[in-house]
Amino acid sequence: MPAAIVKLELVGRKPRQEISTAPHEEALLVLFWDGRAVGQIRVAAPGGVISPDAAEQAIAAAAGWDFWLAWLHDSLRLRELREQPRHFSRPQPMTVAICTRERPEDLTRCLEAVSRLPDEGQEVLVVDNRPATSATLEVVGRFPKVRYTCQRDGGLDAARNRALAESRHSIVAFTDDDAVVDRNWLRALGANFDNPRVACVTGLTLPLELETDAQDAFERYAPFGRGFGRRVFDLDNTSVAAMGPVGAGANMAVRRDVVFAAGGFDPALDGGTPARSGGDHEMFSRLIASGFQIVYDPAALSWHRHRRTWRELRDVAEGYGTGVYAMWTKMLLEQHEFSVLRQAWLWLRHGQVPGLARALRQRDKRALAILLAEARGCLRGPFAYLLSRRAARRTARRAPGATVATMAPGSPEPAPPGDGT
Amino acid sequence: MSAAAPQVSIVIPTRNRRDALARDLAALARQSYPANAFEVIVSSDATPDDSREMASGTEWPFRLVWTGLETPSGAAAARNLGASLARGALLVFLDDDVEPCPDLVEAHVEAVSDPLVVSIGYLPPEVNGRNDLFAITLRAWWESIFERMRVPGHRFGFCDVLAGNLAIPSSLFRKVGGFDSSLRCHEDYEIGVRLLEAGARFRFSETARAVHHEATTLGRALVRKREEGRADVQMARRHPGIVRSLPLGMDLWHPTAAALERRRRVFELRGGERRRMRRAMGRLRAYERIRMRGRWRALLDGLLFEEYWWGVSDEIPSLAALGNFIDECCRKAPGDNAFFDADVARGIETVLAEIEQERPSAARLRLGDWHVGDVPAVAGTVPIDRSHVQWLMGHHFAAPLLRALARSGTIGLEIHGPALESRPPVPSRPLGDGPVRTESL
């Protein structure tokens, strides 16, 4: 059922306030405490209005642990304590990279949001992945501060590698072209890099719109969000084969030199290759295995436009299944990471089979369709990876400059003529 | 060379690390701090290599002083010898295997704002391309030391003092009597105890960075662990109170039966340890090959545990003698068990201000009749201040504090078992504004 997305800031909010959701009769309320998302809840809005009583009840029901913790930190003035002058490292400027392929409308909205970020010396880089038209170039031309570069072969991971190689700053934040970043997004990601052991930070991704049944189903069954509490992942608390809780590449920042040292993103994985996804999680896995930490920080908020049609959604679900098994195949074959066998069994035993059984029992056709598409992808994953790896190696032989092994850190200059503006 | 006394004296103890020392000195030549305002004193621990020729054969922009011990006596003795020749008001101790960043001296000078401040510099570990499990673990261990110091409410203690990159006002260093040269390791922890007794305040200076080229191997780490066991006994003899904060005082912390049994075996089965060690090293390699990281880590921790207790047993030969030793330490330095009563019902700001004024060694936090948490007295740490309690309440004690506030009706939370659920209304007043309702349930 379509729903309005309502952002509700609780600090300074007038009590007993009516909320308009017209023309929607349902809303997803996202609660904020002093600019930070702390909870969400679905609320019925008969007549396109949430009454003051219903709003208060919904707020109270959604105000869980993370909300009260934010309130407590505010009461204790912990922000002031953190910001006291210390002899600590200064924040570093960052590169914002957007890898895109033929989505000019989405890209325009994404760049508009990125342009609204506070200016802290960041550069913005658009990587046009295998362009078929000049649409992306034209969009970038309307944003004078945005730099354009082109990755003519490979998939999303090849484009990510290109962004790392072209970036001028040592921390590179990635957002999808179909996402809209929050004003505090970049600052929140960057704040976590105070600790040199942190190689990657992921953020909270919430739906930009819930206008169709498919978008609603995506948010209910396979949301990007990983909760409203900050978490730190490392070898002590995380299996290298289970990267689901860590976050997603649609909203992440990485330390460029660490990713280079780990070999870069695998061009045989993720969008634009037969493996279809998994490139972000495979990199997370290598970072964790190398002893680094990954932080999930919900203060880094981004809004993602989910796929609008069922066909697209099924395709995405199948792609996720394919990507997970492609990633595991790589880990097993190339890194001899036998823990993937255990992880695959655990997912089947505790995730997929009970999920399918529940969907059948409740005759939930939407869940069933997504789970079956995902399962189909899982079966294809290993073969997709082998196919993808062969293609990536062929590409690498054809254009050795594009391979991970020969990547060199940061070109200080813009992309060469012919590749960019 | 400047005839006037320099403001800073950098002391580098060295032994048989010519190339590392050359890298260290070259990095000091690139400091942002004026080269004529600091001197570098290299203190050789009877180094047998040609480090001296290397140092004296190069033109340095700073004044370089070479001194040395006749026989190997350890880094502590070398540091003391170097410090005795220092003319600067600030002593900066650097190890020979570190590479100072250009801002290091300037950052230490800025951090040491008065004669009682000790600046602990940052030593990011560089494992030089090694990617084996031991190197990964070693790097993570080093970083974890600095992670805890980055926390705004960190309560500094003697274990935070790392002589590899440390700045101490000369007057304070002389007042405490320098390093204890009888110790072959943990001499920095030991001076940390005396610095705290002298009223020093520790500060972590992240911008005073010196890259630590860490070449420790697994075998060396095990040997070092044994030395630490011995050193801890020697330290506890000198400062009985800190036995509570050392692994040595394990009995005082309610250890697990498995840990006690493992320690008993160390004391009883001292023969055949080398053979057992070789077998364990083989298992470590096998676990690493098949990526069994959990087993690998458990085995490594077990080996380090045993090495530590072998070191202790070198000094104290039996478990009975160990028990007597710990009892004796506790008798000589009874712990401070007086808790400062911090009732949050008086208002957060009021309680924090009282703690800042009182600076107690231990505090008990409560909300009316509801116990929130204890900040215990920890031997060899600074007294509790406002920021420690502020941070603890927002993190370690957040759950009990929120539960207590919910029970008192101050906030709209409903308790169902361990989980917290909410109910209206949203808080209507900030916690620190004054007295809150404190009725008991």
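Residues numbered from 1 in each chain as written. Chains lettered and ligands numbered in written order. Predicted model: local features only at pLDDT ≥ 70, side-chain atom pairs only at ≥ 80, totals over all residues. Heavy atoms only, no water.

Chemist: Tell me about the overall build of chain A, residues and numbers included.
Modeler: Looking only at helices and strands, chain A has 13 helices and 14 strands in total. Whereas a compact globule of 421 residues would reach a radius of gyration of roughly 22 Å, chain A reaches 22 Å, a difference of no more than 12%. Each of the three principal axes of chain A carries a C-alpha extent, and together these read 65 × 55 × 45 Å. Burial analysis of chain A (421 residues in total) assigns 56% to the buried set. The long-range fraction of contacts in chain A, counting pairs at least 24 apart against all pairs at least 6 apart in sequence, stands at 74%. For chain A, the accessible surface area stands at approximately 18000 Å², while carbon and sulfur atoms represent 54% of it. Charge separation in chain A, taken as the distance between the mean sites of 55 positive and 50 negative side-chain charges, equals 4 Å. (Helix = DSSP H or I, 4+ residues; strand = E, 2+ residues; numbered from the N terminus. Rg over C-alpha atoms; globule rule 2.2 N^0.38 Å. Buried < 20%, exposed > 50% of the residue type's maximum accessible area, 1.4 Å probe, protein only. Contact = heavy atoms within 4.5 Å. Areas by Shrake-Rupley, 256 points an atom, 1.4 Å probe, with all protein chains shown as cover. Lys, Arg positive; Asp, Glu negative; His and termini not counted. Charge placed at Lys NZ, Arg CZ, Asp CG, Glu CD.)

Chemist: Residue-level account of the confidence of the model for chain B, with values.
Modeler: Residue and element names in this part refer to chain B. Across chain B, pLDDT averages 88, with 91% of residues at or above 70. Low confidence marks residues 414–441, where pLDDT is under 50. Its contacts with residues over four positions away, or in another chain, come to 68 contacts. Under the prediction, the complex receives an ipTM of 0.83, its pTM being 0.88. (pLDDT = per-residue confidence, 0-100.)

Chemist: Lay out the pattern of salt bridges with the relevant residues and their values.
Modeler: In total, this model carries 67 salt bridges over all chains according to the counting rule given. With its nearest N and O atoms 3.6 Å apart, the salt bridge here joins A:Arg376 to A:Glu318. Residue A:Arg376 is located in helix 13 (residues 365–398), and its partner A:Glu318 is located in helix 11 (residues 310–335); the two are separated by 58 residues in the primary sequence. A relative accessible area of 9% places A:Glu318 in the buried class. Linking B:Asp314 and B:Arg230 is a salt bridge whose minimum nitrogen-to-oxygen distance equals 2.9 Å. (Salt bridge = Lys/Arg side-chain N within 4 Å of Asp/Glu carboxyl O.)

Chemist: Explain the nonpolar core to me, and be specific about the residues and the numbers.
Modeler: Ranked by internal contacts, the top residues of the largest apolar core, which has 103 residues, are B:Ile10, B:Leu25, B:Val40, B:Leu195, B:Phe202, B:Leu248 and B:Trp309. Ranked by the residues each element gives to this core, the list is headed by helix 11 (residues 293–315) of chain B, at nine residues. Judged by nonpolar contacts, the second largest core, of 80 residues, contains A:Ala113, A:Val127, A:Val146 and A:Met252. (Core = buried A, V, L, I, M, F, W, Y, C linked by side-chain atoms within 4.5 Å.)

Chemist: So what about the sheet that holds strand 1 (residues 4–9) of chain A? Which residues, and what values?
Modeler: Strands in a sheet are paired, the pairing made by backbone hydrogen bonds, and the direction either parallel or antiparallel. Residues and elements named next belong to chain A. A sheet is described by the order of its strands in space; here three strands give the open sequence 1-3-4, paired in mixed fashion. Across the chains shown, the open sheet's two edge strands, defined by having one partner strand only, are strand 1 and strand 4 (36–44). Strand-to-strand twist across the sheet, computed as the mean angle between neighbouring axes with direction ignored, equals 25°. Relative to strand 3 (residues 26–33), strand 1 is paired through six bridges, and the arrangement is parallel. Considered in strand 3, the bridge of Lys 7 is made with Val 30. (Pairing = 2+ DSSP bridges. Axes fitted to C-alpha atoms, helices over the stretch in contact; angles between N-to-C directions.)

Chemist: Kindly report on helix 14 (residues 386–394) of chain B, identifying the contributing residues and their values.
Modeler: Taking burial as the measure, the nine residues of helix 14 of chain B include eight buried ones, the bulk of the element. Turning to helix 14 of chain B, its buried residues are B:Ser387, B:His388, B:Val389, B:Gln390, B:Trp391, B:Leu392, B:Met393 and B:Gly394. If you follow the buried residues of helix 14 of chain B, they end up packed against helix 2 (65–75) and helix 3 (78–82) of chain A together with helix 13 (348–358), strand 11 (363–367), strand 12 (370–375) and helix 15 (398–407) of chain B.

Chemist: I'd like a rundown of a nonpolar patch on the surface, residues and numbers included.
Modeler: Together, A:Phe338, A:Leu341 and B:Ile290 make up an exposed nonpolar region whose accessible area comes to about 280 Å². Turning to its location among the elements, A:Leu341 is positioned in helix 12 (residues 339–361). A relative accessible area of 51% means that A:Leu341 is categorised as exposed. (Patch = residues over 30% accessible without salt bridge, like charges linked within 9 Å, V, L, I, M, F, W, Y side chains within 5 Å.)

Chemist: Quick rundown of the sheet that holds strand 12 of chain B? Include the residues and the values.
Modeler: All names here are of chain B. Overall, mixed pairing links the three strands, which are arranged 10-11-12 in an open sheet. One side of each edge strand has no neighbouring strand; the edge strands of this open sheet are strand 10 (340–343) and strand 12. Within the sheet, the average angular offset between the axes of one strand and its neighbour, ignoring direction, is 20°. Where strand 10 lies against strand 11, four bridges are found, and the strand directions are parallel. Of the residues in strand 11, the one forming a bridge with Ala 342 is Leu 365.

Chemist: Pulling in residues and values, what's your account of the interface of chain B and chain A?
Modeler: At the interface, 46 residues of chain B touch 40 residues of chain A. Surface buried jointly by chain B and chain A totals about 3600 Å² across both partners, of which 64% is contributed by carbon and sulfur atoms. As a salt-bridge pair, A:Arg197 and B:Glu147 come within 3.5 Å of each other at their nearest N and O atoms. Linking chain B with chain A are six residue pairs in polar contact (both at pLDDT 80 or more), by the criterion used here. Breaking the side of chain B that touches chain A down by element, the ones donating at least two residues are helix 4 (104–111), helix 5 (133–150), strand 9 (201–213), helix 11, helix 13, helix 14, helix 15 and strand 14 (419–422) of chain B. For the side of chain B that touches chain A, the element with the most residues is helix 5 of chain B, which contributes seven residues. (Buried area = accessible area lost by both parts, 1.4 Å probe. Polar contact = N/O pair within 3.5 Å; in protein donor to acceptor, adjacent residues only side chain to side chain.)

Chemist: Which residues make up unusual backbone geometry, and what values do they have?
Modeler: Geometrically, the link from A:Ala22 to A:Pro23 is a cis peptide bond, its omega value of 5° lying close to zero. Relative to the assigned elements, A:Pro23 resides in the loop between strand 2 (19–20) and strand 3. Here the phi dihedral of A:Arg77 falls at roughly 55°; this positive angle occurs in a residue that is not glycine. Locating A:Arg77 in the fold gives a position in the loop between helix 2 and helix 3. Even without being glycine, B:Arg359 reaches a positive phi, approximately 50°. The exposure class of B:Arg359 is partly exposed, given its relative accessible area of 34%.

Chemist: Describe the environment of B:Gln7, listing the residues and the values that go with them.
Modeler: All names here are of chain B. Assignment of secondary structure puts Gln 7 in the segment before strand 1 (8–14). Sequence separation between Gln 7 and Pro 72 is 65 residues, and the spatial gap between their C-alpha atoms is 30 Å. Residue contacts for Gln 7: discarding those within four places in its chain leaves Tyr 33, Ala 37, Gly 88, Ala 89 and Leu 90.

Chemist: With reference to specific residues and values, describe the pairing of strand 3 of chain A.
Modeler: All names here are of chain A. With respect to burial, strand 3 is a largely interior element, eight of its eight residues being buried. Here strand 3 shows no split at all, with Glu 26, Leu 28, Val 30 and Phe 32 on one side and Ala 27, Leu 29, Leu 31 and Trp 33 on the other all buried. In terms of strand pairing, strand 3 meets strand 4 through eight bridges, oriented antiparallel. Along strand 4, the bridge assignment pairs Ala 27 with Val 43. With antiparallel pairing between neighbouring strands as the criterion, strand 3 and strand 4 make up a hairpin whose turn holds two residues, including Asp 34 at a positive phi of roughly 55°.

Chemist: Can you tell me about the packing of aromatic side chains, naming the residues and giving the values?
Modeler: Tallied over the full model, the rule gives 24 aromatic pairs over all chains. Consider the rings of A:Trp68 and A:Trp71, whose centres lie 5.6 Å apart with planes at 85°: the pair is edge-to-face. Linking A:Trp68 with A:Trp71, this pair stays in helix 2, spanning three residues, or about one helical turn. The buried category is assigned to A:Trp68, whose relative accessible area is 1%. Under the relative-accessibility criterion, A:Trp71 is labelled buried at 3%. An aromatic cluster of at least three residues, connected via ring pairs, comprises B:Tyr122, B:Trp141, B:Trp142, B:Phe146 and B:Phe204. The ring of A:Phe265 has A:Arg160 sitting right over it, with the charged end atom 5.4 Å from the ring centre. Directly above the aromatic system of B:Tyr122 lies the positively charged group of B:Arg150, at a separation of 5.1 Å from the ring centroid. (Phe/Tyr/Trp six-rings, centres within 6.5 Å; stacked < 30°, edge-to-face > 60°. Lys NZ or Arg CZ within 6 Å of the ring centre and 35° of its normal.)

Chemist: I'd like a description of the side chain of A:Asn129, backed by residues and values.
Modeler: Residues and elements named next belong to chain A. Summarising the element assignment, Asn 129 is placed in strand 7 (residues 123–129). Within the structure, the side chain of Asn 129 is placed 3.4 Å from the backbone oxygen of Gly 154, a separation counted as a polar contact. Residues in contact with Asn 129, not counting those within four places in the same chain, are Thr 100, Arg 101, Gln 151, Asp 153, Gly 154, Gly 155, Leu 156 and Ala 159.

Chemist: How would you summarise the packing of helix 8 (residues 213–221) of chain A against helix 13 of chain A if you had to cite specific residues and measurements?
Modeler: How two helices pack is summed up by the angle between their axes together with the distance between the axes. Residues and elements named next belong to chain A. Packing of helix 8 against helix 13 leaves a shortest axis separation of 10 Å and a crossing angle of 70°. One way to sum up the angle between helix 8 and helix 13 is to call them roughly perpendicular. Each of Asp 213, Asp 216, Ala 217, Arg 220 and Tyr 221 in helix 8 lies in contact with helix 13, whose residues at this interface are Arg 366, Ala 367 and Ile 370. Residue composition of the contact of helix 8 with helix 13, grouped by class: four nonpolar, no polar and four charged. (Parallel < 35°, antiparallel > 145°, perpendicular 65-115°, else oblique. Nonpolar A, V, L, I, M, F, W, Y, C, P; charged D, E, K, R; others polar.)

Chemist: Any details on the pairing of strand 1 of chain B? Residues and values, ideally.
Modeler: Residues and elements named next belong to chain B. Most of strand 1 sits out of view: seven of its seven residues are buried. In strand 1, alternate side chains face the same way, and those of Val 8, Ile 10, Ile 12 and Thr 14 on one face and Ser 9, Val 11 and Pro 13 on the other are all buried. Note on the crossover from strand 1 through helix 1 (residues 18–28) to strand 2 (residues 38–44): the handedness is right-handed. (Right-handed = clockwise from strand over helix to strand, strands pointing away.)

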